[in-house]
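These are the residues of each chain, in order.
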Amino acid sequence: MLKNYLKTAYRNLLKTKVFSLLNIFGLAFGITACVLILHYVNFEKSYDRFHKDGERIYRLRYDRFDSEGGAVRFASCCPPAAPLIREGYPEVEKIGRMLHVQAGVSTLLDGREIKFLEERIFFAEPDVFDILKFHFIEGDPLIELAEPNKAFVSSSVARKYFGSQDPIGKVLSIDKKTDYRIVGLFEDVPSNSHLKFDILIPWKNLENQYGPQYYEEWGHTGSYTYLRVKPQTDIAAFENKLDDLVTSQCPWLKEYKMTIDLVMQPLYDIHLTSHYLQEYEVNGNRDNVNFLFIIAFFIILMAWVNYINLSTSRAITRAQETGLRKVIGASRAQLIIQFFLETVLINFFAILCTMLLIKLLTPLFSQISGIPLTVGMWSRAWFWEAIAGFFLAGVFLSGLYPVLVLSSFKPSRVLKGRPGISQRGINLRKVLVIFQFVISLALLSGTLTVYKQLSFMRRQDPGFSMDQTLVIKAPRVRDELFSEKMVTFKETLLNNPNIAEFCTVTEVPGRQIYWDNGAIRRAGEDISKGKNYMIVGVDYDFIDVLDIEMVCGRNFSKQYSTDPKALMLNETGVKWMGFDSPESALNQQVDYWGEIYTIIGVVKDYHQQSPKQAFEPQIFRLMPEGRDIRGHFVAVLNAQNIKESVQQINRQYEQFFPGNPFDYFFLDDYFNQQYKFDELFGRIFSLFAGLAIIITALGIFGLASFSAVQRTKEIGIRKVLGADVKRILLLLIQDFVFLLALAGLFVLPVLIFGINRWLESFAKRMDLDAFIFVVPMIIVLCVTLFTVSYQTIKSATANPVDSIRYE
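Conventions used here
Residues numbered from 1 in each chain as written. Predicted model: local features only at pLDDT ≥ 70, side-chain atom pairs only at ≥ 80, totals over all residues. Heavy atoms only, no water. Helix = DSSP H or I, 4+ residues; strand = E, 2+ residues; numbered from the N terminus. Contact = heavy atoms within 4.5 Å. Areas by Shrake-Rupley, 256 points an atom, 1.4 Å probe, with all protein chains shown as cover. Buried < 20%, exposed > 50% of the residue type's maximum accessible area, 1.4 Å probe, protein only. Pairing = 2+ DSSP bridges. Salt bridge = Lys/Arg side-chain N within 4 Å of Asp/Glu carboxyl O. Axes fitted to C-alpha atoms, helices over the stretch in contact; angles between N-to-C directions. Parallel < 35°, antiparallel > 145°, perpendicular 65-115°, else oblique. Left-handed = near helix turned anticlockwise from the far one by under 90°. Nonpolar A, V, L, I, M, F, W, Y, C, P; charged D, E, K, R; others polar. Expected span 1.5 Å × (residues − 1). Arc of directions from axis to C-beta. Phe/Tyr/Trp six-rings, centres within 6.5 Å; stacked < 30°, edge-to-face > 60°. Lys NZ or Arg CZ within 6 Å of the ring centre and 35° of its normal. Core = buried A, V, L, I, M, F, W, Y, C linked by side-chain atoms within 4.5 Å. Patch = residues over 30% accessible without salt bridge, like charges linked within 9 Å, V, L, I, M, F, W, Y side chains within 5 Å. Polar contact = N/O pair within 3.5 Å; in protein donor to acceptor, adjacent residues only side chain to side chain.

**Let's talk about the overall build of the protein chain**
In step 1: When helices and strands are tallied, the protein chain shows 28 helices and 22 strands.
In step 2: When contacts within the protein chain are restricted to residue pairs at least 6 apart in sequence, long-range pairs at least 24 apart make up 80% of them.
In step 3: Counting only carbon and sulfur atoms, one obtains 56% of the accessible surface of the protein chain, whose full area is about 36,200 Å².

Right, dumping it as structure tokens:
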């Protein structure tokens, strides 16, 4: 019996190939879009989930508040906190610290020096790797990192420096200061880890880098501190104890009227919610992830609505079949089984198509979303659970209503040509079509909003010039003649006709400034008036090289011997310090941690970060000759010979600063990297908006076709009475246009609210205009007209004699 049911169901699908394919592909596109979104959502939410006991692991953060409540929040912590917590708080099982540095790394391989600038080096305490579980191939970090001058390297770093040779026992020199013997090897850190490192060296070697005083300074940050607490620990109560620790260790806070909070940040929350100073990398956005999850829900709902619409719209066509089956003895239960098996087959074929689409689209989606291809879906339990869930939901939820409708027809009415299609059923299909239009309009408007806001930010004047601007990482390997070499290096470059200008700076635009100071105030003010400022060390030429506008006052100059004790503010810094105007700040004195500096100029606010971020108060200090090893050299090149200019600078750099890797980038590329996460969100959004439009078009095509079939007799009569094709086309299209207009009216207030909510995260935001609402309406209208017109014109141009004889 089952075989007969399946055979009949299969034949019915073949009999109506077009609508079977519309149903199959509509469901397949919906499931594919949903699975790809779930892949992205699961990847974003999988960060750091591979650590054992992750729910008991926290990162200890540092927040500092001034006397007026102004807050500076750090992702890192102060170094002295960890040993004190380790000794005095039984709630903590383990605690460990890490410090991120960039350094020139070199080694000898077969008599040849290999050197690179490595950006993922960490000083680390052994206990960190009792807390965080990374995969070590060789060596035990709990033992080896307890001793100085030893190193662990990742598999990729080992290949980069030593090829196929065994790295164990080899020596790496860091900044030509300290040699480290490689004692261990670890797998490359997973891409879904907020903490990524390539080289690990002992915390005990940190004294060589910063000196012994670094361990004792509560004012310093940069120490990433992780701890695992005992089960059932009351985190709020523990944080209160940490407040007491800070009070006992920092009596000076009372004098400054400052507050320091040590904050326990859950490990699992870091990637999607942490956006503080000194983050190791730019983290994800929980709101975006949740929003995409909601989109996934509505897209699959669209696909199921599409199926329900197409299936119920075929009710009239299949009404006579149902009536005849009942007349010859078929029970309603048998009809339900028959129609239900058709639903099963359609969903089964849709799942097969989904598998194929996912296989084809995965490389493209990996490129768009940034998820590595190594993070596959096929081996993940959630993937097969989702596929099974979509199949069952498609069969039982979207398939149940059409089955019940088709099996409910009464033979007496059907065979008389009155199947009894209720107005309620027609209205339901209209509501479902409106729902599809609403989702399509919302996704298209969202896509336009994202791209328009990105375009708006890119059009903003950054406040500095970045054209043809080459940035070189300052040399870290230095000798006692470095200052003299720096002067000669600069003169040599400026004698090159391919190089227009040159300067040095501690931080170029393109990321948040790392260097801050929280006790700066106007001279003579109470010590409690100190506030936090971002500090930029510049030379005499920085302002001119980047073409930054001076609001008033002057730039640093060699003509003034007092400039080492001078500084400049930006416009936001002027307001932050309490001056009425930039002019009123000139020649005023500033207390900078007990040293007195004079304000000589005010710089116009420029975008250190993207226009998404608000301007921060900045102080510019004179630091000539590139003294800061974390700094940069900036060279403006002539456009004609970019490649040749870079090669010439490389040769001079290696000549003046041997032992240092030449690491460079162009400022415009570096600055524009800040947009990559918003661009990623826009690309993902547009991909699924396109899929939603396809699903909608498939549904409209099916409904238009059946609408034309149902009105064939009417069309024939109208043609006999003189109606032309244009009039008939307008007649059949107007229903869909009316439904689209209703959808537009419904979605408009929702879009205005949602778009304004999203734009709240931008310091500079576009103005809402009709463009982002009208264009999606036009696109959906065009898709609707094109889709409906094909079947309508076909019916309208048919012979009216055949039309009137229909049925």
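**Points about the pairing of strand β13 (residues 499-505)**
In step 1: In terms of burial, β13 is a largely internal element, 5 of the 7 residues being buried.
In step 2: The pairing of β13 with strand β21 (residues 632-637) spans 6 bridges and is antiparallel. Bridging across to β21, Thr504 finds its partner in Phe633.

**Structural notes on the pattern of salt bridges**
Side chains that differ in sign of charge can pair as their charged atoms come close.
In step 1: Applying the stated criterion across every chain yields a total of 33 salt bridges.
In step 2: Asp63 is paired through a salt bridge with Arg61; the nearest N and O atoms lie 2.7 Å apart. Each of the two residues, Asp63 as well as Arg61, counts as buried.
In step 3: The partner of Arg73 in a salt bridge is Asp63, with the nearest N and O atoms 3.0 Å apart. Taken together, the residues Arg73 in strand β2 (residues 71-74) and Asp63 in strand β1 (residues 57-65) connect sequence positions 10 residues apart.
In step 4: Each member of the salt-bridge network shares a partner with another, and the members are Asp53, Arg56, Glu93, Lys94, Asp130, Lys133 and Arg228.

**Here we look at the packing of helix α18 (residues 482-494) against helix α22 (residues 642-656)**
In step 1: Between α18 and α22, the shortest axis-to-axis distance is 11 Å and the interhelical angle comes to 160 degrees. The orientation of α18 relative to α22 falls into the category roughly antiparallel. Two packed elements cross with a definite hand, and for α18 against α22 that hand is right-handed. Taking contact as the criterion, the partners of Lys485, Thr488, Phe489, Thr492 and Leu493 in α18 are, on α22, Ile649, Gln652, Tyr653 and Phe656.
In step 2: Looking at the contact of α18 with α22 residue by residue, the class counts come to 5 nonpolar, 3 polar and 1 charged.

**A short note on the side chain of Gln436**
In step 1: Inspection of the secondary structure assignment puts Gln436 in helix α17 (residues 423-459).
In step 2: In contact with Gln436, not counting residues within four places along its chain, are Met302, Val305, Asn306, Asn309, Ile695 and Thr696.

**Observations concerning helix α8 (residues 235-249)**
In step 1: Helix length check: α8, at 15 residues, gives a terminal C-alpha distance of 21 Å against a target of 21 Å (1.5 Å per residue), a fit within 8%.
In step 2: Listed as buried for α8 are Ile235, Phe238, Leu242, Leu245 and Val246. An end-on view of α8 places all buried positions within 95 degrees of arc, on one side of the element. Of the exposed residues in α8, those oriented more than 90 degrees away from the buried face are Asp244 and Thr247.
In step 3: The secondary structure elements touched by the buried residues of α8 are β1, α3 (81-88), β3 (92-109), β10 (223-229), α9 (252-256) and β11 (259-266).

**Section: the packing of aromatic side chains**
In step 1: Overall, the coordinates contain 46 aromatic pairs when judged by the stated rule.
In step 2: Between the aromatic rings of Phe633 and Phe657, the centroid separation amounts to 6.1 Å while the plane-to-plane angle is 50 degrees, which identifies the pairing as tilted. Placement of Phe633 in strand β21 and of Phe657 in the loop between α22 and β22 (664-666) is noted, with a sequence separation of 24 residues between them. Phe657 carries the same exposure label as Phe633, and that label is buried.
In step 3: An aromatic cluster of at least three residues, connected via ring pairs, comprises Phe50, Phe122, Phe129, Phe134, Phe136, Phe152, Phe186, Phe197, Tyr224 and Tyr280.
In step 4: Here the basic side chain of Lys170 rests over the ring of Phe162, its NZ or CZ set 5.8 Å away from the ring centre.
In step 5: Across the ring face of Tyr592, the terminal group of Arg621 is positioned such that the distance to the ring centre comes to 5.0 Å.

**Overview of the nonpolar core**
In step 1: Membership of the largest hydrophobic core comes to 154 residues, with the highest contact counts inside it found for Ile85, Leu262 and Phe542.
In step 2: The biggest single contributor to this core is helix α2 (residues 17-45), with 16 residues.
In step 3: Once you skip the residues sitting within four places of it in the chain, Leu262 turns out to touch Leu60, Arg61, Tyr62, Cys77, Cys78, Ala81, Trp218, Glu239, Leu242 and Val246.

**Things to note about the side chain of Ser610**
In step 1: With respect to the helices and strands, Ser610 occurs in the loop between β19 (595-603) and β20 (618-622).
In step 2: With a relative accessible area of 5%, Ser610 lands in the buried category.
In step 3: Setting aside residues no more than four positions away along its own chain, Ser610 makes contact with Phe671, Gln674 and Tyr675.

**Side note on unusual backbone geometry**
In step 1: With phi around 70 degrees, Asp48 is a residue other than glycine that occupies positive phi space.
In step 2: Note on placement: Asp48 falls in the loop between α2 and β1.
In step 3: Of note, Asp110 is a non-glycine position whose phi angle comes to about 55 degrees, a positive value.
In step 4: By the secondary structure assignment, Asp110 is in the loop between β3 and β4 (112-124).

**So, the pairing of β4**
In step 1: Inspection of the sheet shows β3 paired to β4 by 11 bridges, in the antiparallel sense. Pairing of Leu99 across the sheet is with Phe123, part of β4.
In step 2: Linking two consecutive strands that pair antiparallel, namely β3 and β4, is a turn of 2 residues; a positive phi of about 55 degrees is found at Asp110 within it.
In step 3: As paired elements, β4 and strand β9 (residues 199-202) share 4 bridges and run parallel to each other. Pairing of Phe123 across the sheet is with Ile201, part of β9.

**Details of a nonpolar patch on the surface**
In step 1: Together, Leu392, Phe396 and Leu397 make up an exposed nonpolar region whose accessible area comes to about 320 Å².
In step 2: Tracing the chain through its elements places Leu392 in helix α14 (residues 381-398).
In step 3: A relative accessible area of 45% means that Leu392 is categorised as partly exposed.

**Observations regarding the environment of Phe116**
In step 1: Mapped onto the secondary structure, Phe116 falls in strand β4.
In step 2: Put simply, Phe116 and Val105 are 11 residues apart on the chain and 5.5 Å apart in space, counted from C-alpha to C-alpha.
In step 3: Beyond its immediate stretch of four places on either side in the chain, Phe116 contacts Ala103, Gly104, Val105, Lys160, Tyr161 and Pro661.

**Things to note about the environment of Ala146**
In step 1: Relative to the assigned elements, Ala146 resides in the loop between α5 (141-144) and β6 (150-154).
In step 2: As for Ala146 and Pro202, which are separated by 56 residues in sequence, their C-alpha atoms are 6.5 Å apart.
In step 3: Aside from chain neighbours lying at most four places away, what touches Ala146 is Pro126, Pro141 and Lys204.

**Remarks on the environment of Lys133**
In step 1: With respect to the helices and strands, the residue Lys133 is situated in the loop between α4 (128-131) and β5 (136-138).
In step 2: Residue classification places Lys133 among the partly exposed positions, given a relative accessible area of 36%.
In step 3: For the pair Lys133 and Lys52, spaced 81 residues apart in the sequence, the C-alpha separation amounts to 6.6 Å.
In step 4: Excluding its chain neighbours within four sequence positions, the residues that come into contact with Lys133 are Phe50, His51 and Lys52.
In step 5: From its side chain, Lys133 meets the backbone oxygen of Asp130 in a polar contact 2.9 Å long.

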